[in-house]
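Structural characterization, general
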Amino acid sequence: MTLSVRNAAAAAALGAALCAALSGCGGGGAASGAAGQARLGTPAAPPAASSPASPPAAAPPASAAVGHGPGKAPTLAPGPNGLTPVFERARQRTEKTVALTFDADMTADQGPRAAAGERFDNPGLISTLKALDVPSTVFMTGRWAEEYPDQAKAIGTDPVFEVANHSYSHHAFTSPCYGLPALDGAAARADVDRAFAAFRKAGAVNTVPYFRFPGGCHDERALRALAGSGVTAVQWDVVSGDAFAKDPDAVAAQVLAGVKPGSVVVMHCTRSAAPVTEEAVRKIVPELRKRGYRFVKVSELVGT
């Protein structure tokens, strides 16, 4: 399934804005056109629905690396030629469900900025989601989990949340991708495994075998690099526009205008890069509930 022209443009704007905060980003970097060429897999038939395929012995499945048990979260069957499957939005589009997802971004080399006081976390947002009882999926980078291990553990042990993989380094898996440095196939797979290891070290146990490409950028080569890892790549169909936004009303309006039954919304859990997300969520949640929507984690949408 391809992203719509409108969402592809919005995703490009989102990535360009985030690029300004990411170490190693250059000016004028464009997202790979292949980012919109997501291949949807099909739900695997039971009992294999949640049993990731085994990769070579030298690289254990990412889900196994964090103790992810069969049946805990559904995955999609591999795509054509065994490529990593890609999920964007629930196929079942009559039930009013929506998944709010939050990217906890931090690149491998942003330690000095964090040490200088820049905040890549957003504990207020997490507290708000808990207070409003909004099940959510947090796509976390391994470097973020290392910087904020207590928060990673708290999120990853709270039943309101599930932790998914957003790479370790937040480097690109294909190029060009908003000027991000790119990883080759072997390094890309190692980067994903390293992130799962960081979650395990922090004590996050509510992990799921889902992966979000930095910037959303991917192509066939990137999907091939992760083939056999057991992960399902997760994109989105609603861009919140919260990256560097200053008006929470505008963010809320964009989300509310885009949500449809089965939607996946991409937002951010990074104060310095998305300072009004918490306030926007306080507007989005009651309005969507008024419209009859039920909030779910991505794991409830995959395969439906």
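Cut-offs applied
Residues numbered from 1 in each chain as written. Predicted model: local features only at pLDDT ≥ 70, side-chain atom pairs only at ≥ 80, totals over all residues. Heavy atoms only, no water. Helix = DSSP H or I, 4+ residues; strand = E, 2+ residues; numbered from the N terminus. Buried < 20%, exposed > 50% of the residue type's maximum accessible area, 1.4 Å probe, protein only. Contact = heavy atoms within 4.5 Å. Salt bridge = Lys/Arg side-chain N within 4 Å of Asp/Glu carboxyl O. Core = buried A, V, L, I, M, F, W, Y, C linked by side-chain atoms within 4.5 Å. Expected span 1.5 Å × (residues − 1). Arc of directions from axis to C-beta. Phe/Tyr/Trp six-rings, centres within 6.5 Å; stacked < 30°, edge-to-face > 60°.

1. Quick word on the environment of Glu278
- Position of Glu278 relative to the elements: it lies in helix α10 (residues 277–290).
- You can call Glu278 partly exposed: its relative accessible area is 23%.
- Residue contacts for Glu278: discarding those within four places in its chain leaves Asn122, Gly124, Leu125 and Thr128.

2. A look at the pattern of salt bridges
- Going through the model one piece at a time under the given rule, you end up with 16 salt bridges.
- Of the charged contacts, one joins Glu118 and Arg113 as a salt bridge, the two residues approaching to 2.9 Å between their closest N and O atoms.
- Glu118 sits in the partly exposed class, given a relative accessible area of 21%.
- Accessibility expressed as a relative area gives 29% for Arg113, which makes it partly exposed.
- A salt bridge links Arg291 to Glu287; the shortest N-O distance between them is 3.0 Å.

3. Details of the nonpolar core
- Formed by 60 residues in total, the largest nonpolar core has its most connected members in Met140, Trp144 and Phe173.
- Broken down by element, this core gets its largest block of residues, 7 residues, from helix α7 (residues 185–202).
- Not counting residues within four places of it along the chain, the set of residues in contact with Trp144 comprises Ala104, Asp105, Met106, Phe120, Asp121, Gln151, Ala152, Ile155 and Cys269.

4. Describing α10
- If you check α10, its first and last C-alpha atoms are 20 Å apart, about what 14 residues at 1.5 Å a residue would give, namely 20 Å.
- Buried residues of α10: Thr277, Ala280, Val281, Ile284, Val285 and Leu288, and no others. Down the axis of α10, the sector holding all buried residues measures 130°, keeping them to one side.
- In this structure, the buried residues of α10 make contact with β2 (97–104), α4 (123–131), α9 (248–258), β8 (263–268) and β9 (294–295).

5. Considering the packing of aromatic side chains
- For the structure on display, the rule yields 5 aromatic pairs.
- Relative to Phe211, the ring of Phe173 lies with its centre 5.1 Å away and its plane at 55°, an arrangement referred to as tilted. A residue pair is termed long-range when its members are at least 10 positions apart, and Phe173 in the loop between β4 (161–165) and α7 and Phe211 in strand β5 (residues 207–211) qualify at 38 residues.
- The buried category is assigned to Phe173, whose relative accessible area is 5%.
- Under the relative-accessibility criterion, Phe211 is labelled buried at 0%.
- The interplanar angle of 80° and the centroid separation of 5.6 Å between the aromatic rings of Phe173 and Phe213 together place this pair among those described as edge-to-face.

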